[in-house]
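What the coordinates show
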Amino acid sequence: MIGTIARREWLAAFRTPLAWVLLAATQAVLAWILLRVLDGFTGAEPPARSAGLNLELSHNLFGSAAVLLLLIAPLLAARALSGELRDGTYQMLGAAPANLAEVLLGKFAALGALMLMLCLPPLALALALLGAAPIDPGLFLAAALGLWLAGLLFSAVGLFAASLSTQPAAATVIAYGLLILLSIVNRADHLAAEQLSLLDWLSWNQHLFWFLSGMVRVSDLAYYGLMTGLFLALAYRRLDNLRLG
Amino acid sequence: MEPLLRVRALHRRFGAKPVLRGLEFRLEPGDVLGLLGPNGAGKTTCLRVLSGNLAPSSGQVSIRGRAIAAAAARGQLGYLPERPPLYPEMRVDEYLHFCARLHRVPARAIGQAVDRVKRRCGLDQVGRRLLGKLSKGYQQRAGLAQALIHEPELVILDEPTDGLDPLQIREVRELIRDLAPSAGVIVSSHALAEVQAVCNRVIILRDGEVLHQGALPDADADNRFCVRLRHPPATAELTALSPIAVASPVFASGTSSETASAPSRFRIELADGASPDQLAAALVGSGWGLLELVPERTDLERVFFQSIDAEARP
């Protein structure tokens, strides 16, 4: 059942220009960033650099891709859930012999597949330099994994926001609000105490940083797993409440 | 064997506002139940509860003994909401394949099920068309097709002929009649003619409460007439005619027996064995100047307005 719902979502994304436009825009933005990074490593006298090519590429390409996913995932999630609530097609899913968790996970699986697809352009751009520069494929695979996990978290937040409103635009704005909060929450430590490790821990970009540096740590995997699970559980709760009224 | 659908003491509230109050009925295959009521009576809420989209505040809804909240119970359910649940970017064939998988039709049988339901709902010619590009009539048919693709035992249709042209309405009515022998059907409508045409049982709702429930009055009953006379006699004189069992005057709306002048219209119920031509002959023979002799409005209309009026009266 999860596969059936996910397949339909995937099809819907590619039937409309949305997924194609997002892919093209992602590719164009990242290609431009790649050229900017490479500029620093070419020419007769390269400028002083703080990091090597691998880290520069990883942080710039995958870091920018993460920001793009943060913008894209709520849009896709709102379309997948808010749109259905608004158009009444959700009632068909509600009357089908599928339980709520299957419906939600079906949509999440489709978003996960779309996020994976959007993780491929930066990976392909970085690996395109293989043979021409001393590229570390392991580093980029770790960065791609981190990027995908961040994409999954953004999707879960997007689904939770979509469960709060039947208006896709409103759901998208709610998701942006939540994600921006999760992005800057660790800045609070400048306001009060020196060390607020909990707020640091809550911030998604802190965890992505380690992936972009080529380190796959269990604590970061756990962060993305827990936070994604939390927002999916909240979305489930909210949808169940809609039924209970 | 458990009944196909059993609804017991069903209540539903939105906040403090009660929307359904104590619904209770059973449905078996072969029943076509019409859910009637004015706008805001609670029909759509009732169907949303019966389809599992809303949980009851209290009471039970079960299909073959299994609570509707269980996903397995909904395997026997086909539901067409008020607005057909269509994905405009999908083609008709893709959509029906998706619906078949959603309703757990075995993979081997999906092709056959799609062909069968397309034939049944008149979608043969539009299988490759995008749902968003179909006319309203075809969209409604596609919505019906998704509700029927898995051949459910219980079919719930919310305003199934809304927005259709007369030809399409007739086709949908025939489709519902075709379903009836093997399935129980619930049709919600505020069109009395619609319910009269396809249903054999009726529930009349108002403000979430059942005002009337029972078998549909016989649509073919032909012993009630309305007559209009140029020189109306006293009601007793009319009743004295042998073809007439009961006669009662009909007052124009807004007037009453005290204020109105002598009524020229009467509601007539024929005596056993009397025929309309005998009635006509007796009225003409009496010299009261017969102006009109028409069969009375359908019994369902009478039941509906009696129920609503009785409720409205303090």
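Residues numbered from 1 in each chain as written. Chains lettered and ligands numbered in written order. Predicted model: local features only at pLDDT ≥ 70, side-chain atom pairs only at ≥ 80, totals over all residues.

1. Describing the overall build of chain A
Note the cut-off: Going along the chain from the N terminus, every DSSP run of H or I of four or more residues is numbered as a helix, and every run of E of two or more is numbered as a strand. For a compact globule the rule gives 2.2 Å times the number of residues to the power 0.38, and the radius of gyration it is set against comes from C-alpha atoms. Counting other C-beta atoms within 10 Å of each residue's C-beta, where C-beta atoms are placed from the backbone, gives the exposure class: buried for 20 or more, exposed for 12 or fewer, partly exposed between. Once C-beta atoms are placed from the backbone, any two residues with those atoms within 7 Å are in contact.
For chain A, the helix and strand inventory stands at ten helices and zero strands. When the elements of chain A are put in sequence order from the N terminus, they spell out α-α-α-α-α-α-α-α-α-α. On C-alpha atoms alone, chain A measures out to a radius of gyration of 19 Å, which is about the 18 Å that the 2.2 N^0.38 rule sets for 245 residues. Taking the principal axes of its C-alpha atoms as reference, chain A extends roughly 65 × 50 × 30 Å. Within chain A, the fraction of its 245 residues that count as buried is 39%. Considering only residue pairs separated by 6 or more positions, chain A has 76% of its internal contacts joining residues 24 or more positions apart.

2. Considering the domain arrangement of chain B
As a reminder of what qualifies: Residue ranges assigned to each domain were obtained from an automatic or database domain assignment.
According to the domain assignment, chain B contains domain 1 (5-215) and domain 2 (224-297). Here domain 1 of chain B and domain 2 of chain B have C-alpha centroids that lie 43 Å from each other.

3. Here's the deal with the sheet that holds strand β13 (residues 265-270) of chain B
Residues and elements named next belong to chain B. Threshold: Pairing between two strands is assigned when DSSP locates at least 2 bridges connecting them. Axis definition: a line fitted to C-alpha atoms, over the contacting stretch in the case of helices. Angles run 0 to 180 degrees between N-to-C directions.
Pairing is antiparallel across the open sheet formed by four strands, whose spatial order is β12-β13-β11-β14. Among the strands making up the open sheet, the edge pair consists of β12 (244-250) and β14 (290-295). Sheet twist, expressed as the average angle between the axes of neighbouring strands with direction ignored, equals 25°. Relative to β13, β12 is paired through six bridges, and the arrangement is antiparallel. Each residue of the ladder has a partner; that of Ile244, found in β13, is Leu270. Here helix α8 (residues 276-286) sits on the sheet in contact with β11 (224-229), β12, β13 and β14, set at roughly 160° to β14.

4. Describing the confidence of the model for chain A
Heads up, the rule is: How sure the predictor is of each residue is captured by pLDDT, a score from 0 to 100.
The share of residues in chain A with pLDDT of 70 or more is 92%, and the mean pLDDT across the chain is 87. Mean pLDDT across the elements of chain A bottoms out in helix α8 (residues 197-202) of chain A (76) and peaks in helix α6 (residues 137-164) of chain A (94).

5. A look at the interface of chain A and chain B
For the record, the criterion: Under the convention adopted here, Pro, Cys and the residues Ala, Val, Leu, Ile, Met, Phe, Trp and Tyr are nonpolar, Asp, Glu, Lys and Arg are charged, and Gly plus all remaining residues are polar.
On the side of chain B, 23 residues touch chain A, which itself brings 18 residues to the contact. Where the side of chain A that touches chain B is concerned, the elements lending two or more residues are α1 (2-15), α4 (89-95) and α10 (218-244) of chain A. The biggest single contributor to the side of chain A that touches chain B is α4(A), with five residues. Split by residue class, the side of chain A that touches chain B holds seven nonpolar, eight polar and three charged.

6. Section: the packing of helix α3 (residues 53-87) of chain A against helix α5 (residues 100-127) of chain A
Residues and elements named next belong to chain A. Filter applied, for reference: With respect to orientation, any angle under 35 degrees is reported as roughly parallel, any angle over 145 as roughly antiparallel, any angle of 65 to 115 as roughly perpendicular, and every other angle as oblique. Note on convention: near helix rotated counterclockwise from far helix by under a right angle means a left-handed crossing. Clockwise means right-handed.
Two numbers describe how α3 lies on α5: the axes approach to 10 Å, and their chain directions differ by 155°. Judged on the interaxial angle alone, α5 and α3 are roughly antiparallel. Between α3 and α5 the crossing geometry is right-handed. Contacts between α3 and α5 involve Leu57, Leu61, Phe62, Ala65, Leu69, Ile72, Ala73, Leu76, Ala77, Ala80 and Leu81 from the former and Lys107, Ala110, Leu111, Leu114, Met115, Leu118, Pro122, Leu125 and Ala126 from the latter. Classifying every residue of the contact of α3 with α5 gives 19 nonpolar, no polar and one charged.

7. Notes on unusual backbone geometry
Residues and elements named next belong to chain B. Backbone geometry places Ala9, a non-glycine residue, at a positive phi of 45°. Structurally, the position occupied by Ala9 is in strand β1 (residues 5-14). For Glu159, which is not a glycine, the phi torsion comes out positive at approximately 50°. In this structure, Glu159 sits in the loop between β7 (154-158) and α5 (166-179).

8. Observations regarding α10(A)
All names here are of chain A. Convention followed: The span one expects for a helix is its residue count, reduced by one, times 1.5 Å.
Between the first and last C-alpha of α10 there are 38 Å, a value that for 27 residues agrees with the 39 Å anticipated at 1.5 Å per step. Of the positions making up α10, those classed as buried are Asp220, Tyr223, Tyr224, Met227, Thr228, Phe231, Leu232, Ala235 and Leu239. Buried residues along α10 sit against α5, α6, α8 and α9 (204-212).

9. Focus: the confidence of the model for chain B
Do not read the predicted coordinates in detail wherever pLDDT is low. Residues and elements named next belong to chain B. Averaged over every residue, the pLDDT of chain B is 83; the share at 70 or more is 90%. No element of chain B has a lower mean pLDDT than helix α9 (residues 299-312), which averages 66, and none a higher one than helix α2 (residues 92-102), which averages 93. When the criterion is pLDDT under 50, residues 254-259 qualifies, and its contacts beyond four places in sequence or with other chains add up to three contacts. We note a pTM of 0.80 for the whole complex and an ipTM of 0.83 for its interfaces.

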